[in-house]
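Architecture and fold: a report
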Amino acid sequence: MTDLRIREAGDSALVAELEAVIDPAVNARAIAIAAQVRARRIAGVRDIVSTFHSVAVTFDPMAVDTRALRAALADAAHSVAPSTSGRTIEVPVTYGGDAGPDLADVAAFAGCTPADVIERHASRAYRVYMLGFLPGYPYLAQVDETIAMPRRATPRLRVPAGSVGIAGRQTGIYPRESPGGWQIIGRTSLTLFDPEASSPALLAPGDEVRFVPVSGDVVSDFSRTEAYVASGFSRTQVRPNADATYDRALRYVTVLSPGLLTTIQDEGRWGFQHLGVPVAGPMDPVAHRLANAVLGSPRDAATLEATLAGPELRFEHDAWIAIAGADLQPSVDGRDAPVGTPVRCRAGSVLRFGGRRSGARAYVAIDGGFTVPRLLGSRATHLLSGLGGLEGRALRAGDRLPLGRNHDARPREPEGVAPRPTNPGGARLRILPGPHLDHFAASAVDALQAQRYIVSPQSDRMGYRLTGGARIPAPAGEMISAAVFVGALQVPPSGEPILLMADRQTTGGYPQLAVVIRADLTLAAQLVPGDWVEFRGCSASDALTACRDQEGGLDALG
């Protein structure tokens, strides 16, 4: 029986690892372990993701006994009877031409004709080892080694939905338009992901895929953006829930100016990472909760997350608002609207923001919350996959945002809200070991803690690229893709760490050296490009205490 190693990934996740190989039997075992743990419905567990050779379990540290969770993983590993096969699904593919602009390059790499590439690609069955990168994106292996061309040196900014690509011994299908570095040899018309379907993903880990060459005309190319529907997935239509339709909303806010980047967020889209669906949600979960708590609203009510420069909003109906997080100088009809204070807005009032005083992200809560449709149980916006929020995108001028009924909001007086600590110009973030610690030299964590890094301009909701410190030597060779975690510090070949944040992908191929503890993510979320970051190790008990203190303060607000 394959040995199982259970590792911590910060204070909110465990990873159970089998042998680090790409092998159907090992993968079948990982799938079976994940299925058995999922069937136990352990309270506090948020996501269970099987990968090529591991199972990642993300949980609420305030609600889960990690010793019991470890025992459940170990028990599942010793009691499962894995199946090595699932369904067989045929995928029709138009190869070459506009559908497959890299087919000739792959043929040149293999020293054969394009027809030979097609025959070799379509002549074998591919196992779905896992889903990740994008919702419904299948990692398929293994490609005939003669056509196993490496990724492009420079990724494309846009790869159309349905594109079939090769990256080494792997092949895959893009569920929607996105950036990508795989060699594109064809395209399929199948819809791989429908967020409104009872089973959103067409494929599942353990399935078998066979590509079937078909003739067909593909009119688009890679030089322009194709028009996709609101959800961002080919031929998928978003059908608003009955309790959240725009036409039936009784209250509205109109967007006069969207600000730099303003999105609708709630607590995130948990429970779907095994399908490749990112969690999203607020970058600063504490500020999001605080804004709702000031109004006495539910913690999962949707808020607006405004980045650096806030929006201009007109209230079409009376409302209470509260703003938390960054101080972007909010005002209502020219009167200051202090952060952390309930403010009454009359119909016709306009909320504006001035210059940034501190922080990066402010959260605007309104009584009743923003009632855009729920998608996979959440209203959170994830920009790359085009899910949630308002058509999966940032706000635009002219948007009308529907509000729920005033659920008897109970605004709090300013003295009822505790002030939040700030670190002007930077932050010291506490870390715990990451799931791939043994991939690095023994001195890697010490080297990480000895540096002061700078948040680079190449930073966004997916993650922060950190520069300025000594580079961390990355492990030699490529790592098998695995689950990734919020707060994780990935180390790419450049040696410059990447701090993963709310919109991170669900899987990745860079090793994760350390993970920022949950209680300090609020500090990380308020960093701006040019701010400094330092990392300090702490114990698991310290991380849990910090989490309890933070939760206790928020719970005291109701």
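Treat the numbers as computed from the prediction; the structure is a model and nothing was measured. (Residues numbered from 1 in each chain as written. Predicted model: local features only at pLDDT ≥ 70, side-chain atom pairs only at ≥ 80, totals over all residues. Heavy atoms only, no water.)

**A closer look at the overall build of the protein**
Within the protein one finds eight helices and 33 strands. Its C-alpha atoms give the protein a radius of gyration of 24 Å, near enough to 24 Å, the size a compact globule of 558 residues would have. Overall size of the protein, expressed as C-alpha extent along the three principal axes, is 70 × 55 × 45 Å. The buried share of the protein, reckoned over its 558 residues, is 55%. (Helix = DSSP H or I, 4+ residues; strand = E, 2+ residues; numbered from the N terminus. Rg over C-alpha atoms; globule rule 2.2 N^0.38 Å. Buried < 20%, exposed > 50% of the residue type's maximum accessible area, 1.4 Å probe, protein only.)

**A word on the sheet that holds strand β9 (residues 163-167)**
Sheet strands pair by backbone hydrogen bonding; their relative direction is either parallel or antiparallel. Taken in spatial order, the seven strands close into a barrel running β5-β12-β9-β10-β7-β6-β13, and their pairing is mixed. Within the sheet, the average angular offset between the axes of one strand and its neighbour, ignoring direction, is 40°. (Pairing = 2+ DSSP bridges. Axes fitted to C-alpha atoms, helices over the stretch in contact; angles between N-to-C directions.)

**Observations concerning the packing of aromatic side chains**
Here the structure, examined in full by the defined rule, presents nine aromatic pairs. Here the aromatic rings of Tyr137 and Tyr174 are separated by 5.4 Å at their centres, their planes lie at 90°, and the arrangement is edge-to-face. Remark: Tyr174 occurs in the loop between β10 (170-173) and β11 (178-180) and Tyr137 occurs in the loop between β6 (126-131) and β7 (138-141); sequence separation between them is 37 residues. Connected via pairs of aromatic rings, a cluster forms that spans Phe52, Tyr129, Phe133, Tyr137, Tyr139, Tyr174 and Trp182. Over the ring of Trp270 we find Arg46, and its NZ or CZ is 4.5 Å from the ring centre. A cation over a ring is seen here: Arg452 above Trp532, with NZ or CZ 3.9 Å from the ring centre. (Phe/Tyr/Trp six-rings, centres within 6.5 Å; stacked < 30°, edge-to-face > 60°. Lys NZ or Arg CZ within 6 Å of the ring centre and 35° of its normal.)

**As for unusual backbone geometry**
Going from Ala141 to Gln142, the amide bond is cis rather than trans, its omega being 0°. The backbone phi angle of Gln329 is positive, close to 55°, even though this residue is not glycine. Note that Gln329 resides in the loop between β18 (319-327) and β19 (330-332). Its identity as a non-glycine residue notwithstanding, Leu376 has a phi of 55°, on the positive side. Structurally, Leu376 can be placed in the loop between β23 (358-366) and β24 (400-403). Classification of Leu376 by relative accessible area gives buried; the value is 12%.

**Topic: empty space enclosed by the protein**
By the definition in use, this model includes one cavity of 30 Å³ or more. Taken as a whole, the largest cavity encloses approximately 40 Å³ of empty space. What lines the largest cavity is Asp47, Val49, Ala56, Thr58, Gln273, Ala483, Val484, Phe485 and Thr506. Secondary structure elements with two or more residues in the lining of the largest cavity: β3 (45-50) and β4 (54-59). Looking at side-chain class alone, the lining of the largest cavity contains five nonpolar, three polar and one charged residues. (1 Å grid on protein atoms, 1.4 Å probe; cavity = no way out; pocket = protein on both sides within 12 Å on 5 of 7 lines; lining within 4 Å. Points joined across faces, edges and corners; volume = space filled by probe spheres on them. Nonpolar A, V, L, I, M, F, W, Y, C, P; charged D, E, K, R; others polar.)

**A look at the pattern of salt bridges**
In total, this model carries 30 salt bridges according to the counting rule given. Measuring nitrogen to oxygen at the nearest pair gives 4.0 Å for the salt bridge that ties Arg344 to Asp318. With Arg344 in strand β21 (residues 343-345) and Asp318 in the loop between β17 (312-315) and β18, this residue pair connects regions lying 26 residues apart in the sequence. Judged by relative accessible area, Asp318 falls into the partly exposed class, the value being 32%. Residues Arg461 and Asp503 are paired through a salt bridge, measuring 2.8 Å at the closest nitrogen-oxygen approach. Of this pair, Arg461 sits in the loop between β26 (453-455) and β27 (463-467) while Asp503 sits in the loop between β30 (498-500) and β31 (507-508), and the two are 42 residues apart along the sequence. Across the pair, Asp503 and Arg461 agree in class, each one buried. (Salt bridge = Lys/Arg side-chain N within 4 Å of Asp/Glu carboxyl O.)

**What about the packing of helix α3 (residues 103-110) against helix α4 (residues 114-122)?**
Between α3 and α4, whose axes approach to 8 Å, the crossing angle comes to 90°. One finds that α3 runs roughly perpendicular with respect to α4. Contacts between α3 and α4 involve Leu103, Val106, Ala107 and Ala110 from the former and Pro114, Val117, Ile118 and Arg120 from the latter. Grouping the amino acids of the contact of α3 with α4 by side-chain chemistry returns seven nonpolar, no polar and one charged. (Parallel < 35°, antiparallel > 145°, perpendicular 65-115°, else oblique. Contact = heavy atoms within 4.5 Å.)

**With respect to the environment of Val277**
As for its placement among the helices and strands, Val277 is situated in the loop between β15 (262-265) and α5 (285-295). On a C-alpha basis, the gap between Val277 and Ser163 in space is 19 Å, while along the polypeptide they are 114 residues apart. Look past the residues within four positions of Val277 in its chain and what remains in contact with it is Pro135, Phe193, Arg269, Phe272, Leu376, Leu387 and Thr506.

**Section: the state of the cysteines**
Per the stated rule, a full pass over the model turns up zero disulfides. No disulfide involves Cys547; its nearest neighbouring cysteine sulfur is the one of Cys538, lying 11 Å away. Judged by its relative accessible area of 1%, Cys547 falls in the buried class. (Disulfide = S-S within 2.5 Å.)

**A few points about the layout of surface pockets**
Taken as a whole, the second largest pocket spans an internal volume of roughly 610 Å³. Taken together, the elements giving at least two residues each to the lining of the second largest pocket come down to β4, α5, β32 (512-516), α7 (521-525) and α8 (540-555).

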